[in-house]
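What follows is each chain in one-letter form.
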Amino acid sequence: MSTETSRPIRFASKKKKVMTESGYKYKVIIADDDRDVHTVTKMVLGDFRLEGAGIEFFDTYSGEETMRLLKEEKDIAVVILDVVMEQDTSGLQVVEYTRETLQNSMTRIILKTGQPGIAPEERVIVEYDINDYRSKSELTAQKFITTLYTALRNYRDLKKLEDHKRGLEKVIESSSDLYNHDNLSSFFSGLLKQLNSIRNFQNDSFMASADPINQESGFIAYSKEDEFRILSATGKYESCENKFLQEVEHRIPFSQVMEQVENRTFFYRRYEDFFIGYYKGFHGSRNLIYLEGRLNELSEDLIRVFLTNFTFAFDRLFMNRNMMDAMQHIIMMLGETIEYRDGETGFHVRRVSETVRLIAEKSGRDNAFCDEISIASIVHDIGKIAIPDSILQKPGKLTDQEFEKIKDHTRIGHEILNTSSIPTIGMAAEIALGHHEKWNGKGYPAGLKGDEIPWTARVTAIADVYDALANKRYYKEAWSDESIFTYLEEEKGESFDPDLIDLVLENKDALREVQRRYPDIK
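My aim in this report is to walk through the structure given alongside it, one point at a time. (Residues numbered from 1 in each chain as written. Predicted model: local features only at pLDDT ≥ 70, side-chain atom pairs only at ≥ 80, totals over all residues. Heavy atoms only, no water.)

**Structural notes on the nonpolar core**
Within the largest apolar cluster, 39 residues are counted, with the highest numbers of intra-cluster contacts made by I373, L417 and L488. Mapped by element, the contributors of at least two residues to this core are α8 (297-341), α9 (348-362), α10 (367-376), α13 (423-434), α14 (455-470), α15 (481-490) and α16 (498-505). Each residue touching I373, except ones within four places of it in the same chain, is listed here: V356, A360, M427, I431, W455, T456 and V459. Core analysis: the next-biggest nonpolar cluster, separate from the first, contains 22 residues, A31, M67, L70 and M85 among them. (Core = buried A, V, L, I, M, F, W, Y, C linked by side-chain atoms within 4.5 Å. Buried < 20%, exposed > 50% of the residue type's maximum accessible area, 1.4 Å probe, protein only. Helix = DSSP H or I, 4+ residues; strand = E, 2+ residues; numbered from the N terminus. Contact = heavy atoms within 4.5 Å.)

**Observations concerning α13**
Between its first and last C-alpha atoms α13 spans 17 Å; for twelve residues at 1.5 Å apiece the expected length is 16 Å, and the two agree. Those residues of α13 lying buried are T424, I425, M427, A428, A429, I431, A432 and G434. (Expected span 1.5 Å × (residues − 1).)

**With respect to the packing of aromatic side chains**
By the definition in use, this model includes eleven aromatic pairs. The interplanar angle of 80° and the centroid separation of 6.4 Å between the aromatic rings of Y26 and Y155 together place this pair among those described as edge-to-face. A residue pair is termed long-range when its members are at least 10 positions apart, and Y26 in strand β1 (residues 25-31) and Y155 in helix α5 (residues 141-178) qualify at 129 residues. With a centroid separation of 5.8 Å and 35° between ring planes, the pair formed by Y466 and F485 is classed as tilted. (Phe/Tyr/Trp six-rings, centres within 6.5 Å; stacked < 30°, edge-to-face > 60°.)

**Focus on the pairing of strand β7 (residues 229-234)**
Counting buried positions along β7 yields five of six residues, so the element is predominantly enclosed. Pairing geometry for strand β6 (residues 218-223) and β7, over five bridges, is antiparallel. Bridge pairing links I220 to S232 in β7. (Pairing = 2+ DSSP bridges.)

**Overview of the pattern of salt bridges**
Pairs can form between side chains of opposite charge whenever their charged atoms are close. Scanning the model with the defined rule gives 23 salt bridges in all. Note that R357 is salt-bridged to E361, the shortest N-O span being 3.3 Å. In this pair, R357 and E361 are both assigned in helix α9, four residues apart and thus about one turn of the helix distant. Between D381 and K384 there is a salt bridge, and its shortest N-O distance comes to 3.4 Å. A single network of salt bridges, built from pairs that share partners, joins R357, E361 and D371. (Salt bridge = Lys/Arg side-chain N within 4 Å of Asp/Glu carboxyl O.)

**Digging into the side chain of T355**
For T355, the position within the fold is in helix α9. Owing to a relative accessible area of 1%, T355 belongs among the buried residues under this scheme.

**What to know about the side chain of N104**
Within the secondary structure, N104 is located in the loop between α3 (90-101) and β4 (108-113). Of note is the side chain of N104, whose polar atom sits 2.9 Å from the backbone nitrogen of M106. Excluding residues that lie within four positions of it along the chain, N104 makes contacts with T98 and R99. (Polar contact = N/O pair within 3.5 Å; in protein donor to acceptor, adjacent residues only side chain to side chain.)

The analysis is restricted to geometry; functional conclusions fall outside its scope.
Here it is, written out as structure tokens:
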């Protein structure tokens, strides 16, 4: 064993990847306390290539230095490890540290020794997780090259398996994210984000390409009729969202692609520097996915698996959307029927629904919640179905007894709706019961106060009163904008949630627009 003292380790820069003309250098540690061994090893292996990739050497001169380097430097492919360095068993300690402490089963370890008696081959092979054992006396230049070829091929194959495993985990994670989106725009935006994440998956791996690629540019176009419109885009196409495909400069051989997909539900193809995916939904919609940049083999495989999952998520989104639309349509008809019984022939429930959605959106609620509360608020007066016409349509002032009867509609509405297990109907029940409660506790039916009143009911109460004041009724004329907003300001903290009133007063123009969209029938 040499008595030469340890020398500083040379760490490779992690900011600048060392590349050969074909793309990559495998990281190999020479761990030996004899400087001449380092020199000779580099001479023998200096021109080494495996599938175009060369070697980046790291020099260590002790077991301690080797262990430190293995901990700090990632993706070490091979360690050419001397058994005897500062101690007779330094190399064996490195093996134990690598496999047990670092839990590194990927790096290939070639154990070599000039003193076989200290570490007999049979015992070392059985007791230590090494990949090759060589006596220094038998390591000719050719055997050294052959040994390294074998080790690097094993490392390459293990790395590919590991990358595929991690890639599939990424696909599963990305696929599950698709099911969290509740509208088409959000869904496609999430899809494009996950596609970029998957195609960038191998950027820092050992098979990374040296070719420059644009990893950010791409778009998803959607067509329910004849023309494709871009719904989500990244990179240089971001400004093209909502444009028709023929208005955008791209490299898609459109007519050729359409011929290929004419009778197919799912199609994808990788060109030299861009990728196209196509899916035809069960409801007749068509989706075109376009990504610029080169894809390696693994990324292409992962994207193909991911897009298969996308088709299921996409169809599920539309099935849910269709069910929601159907439920909204039925609820809207029910709400308008009740409105008609109340002596109205306009769009009160539509305006209330839209106003509720507006307030919820301005409050920062997500799309799913805004959809739900806008539908649920439609039937806030469903309990009036049990109130006699003589009371509902009475043009004059109600007697105390008649008003008590009217108040029952909140409780009745809640009883009608509260039997359903559907969350949206459950929210509707909550609104029906609480939309006449007041912030100061002087409302009905329970005299709830402040935050005791469900938020959904507080929002609907404001929308209901605002719309009632803004439109003519058989018992009153429409109020002016100025009068309505003055009244809401006066009732802030009395009838209504003060924070919500502030929000309404900040969005007067948006509320007026709802009124303009749904004018009452004259």
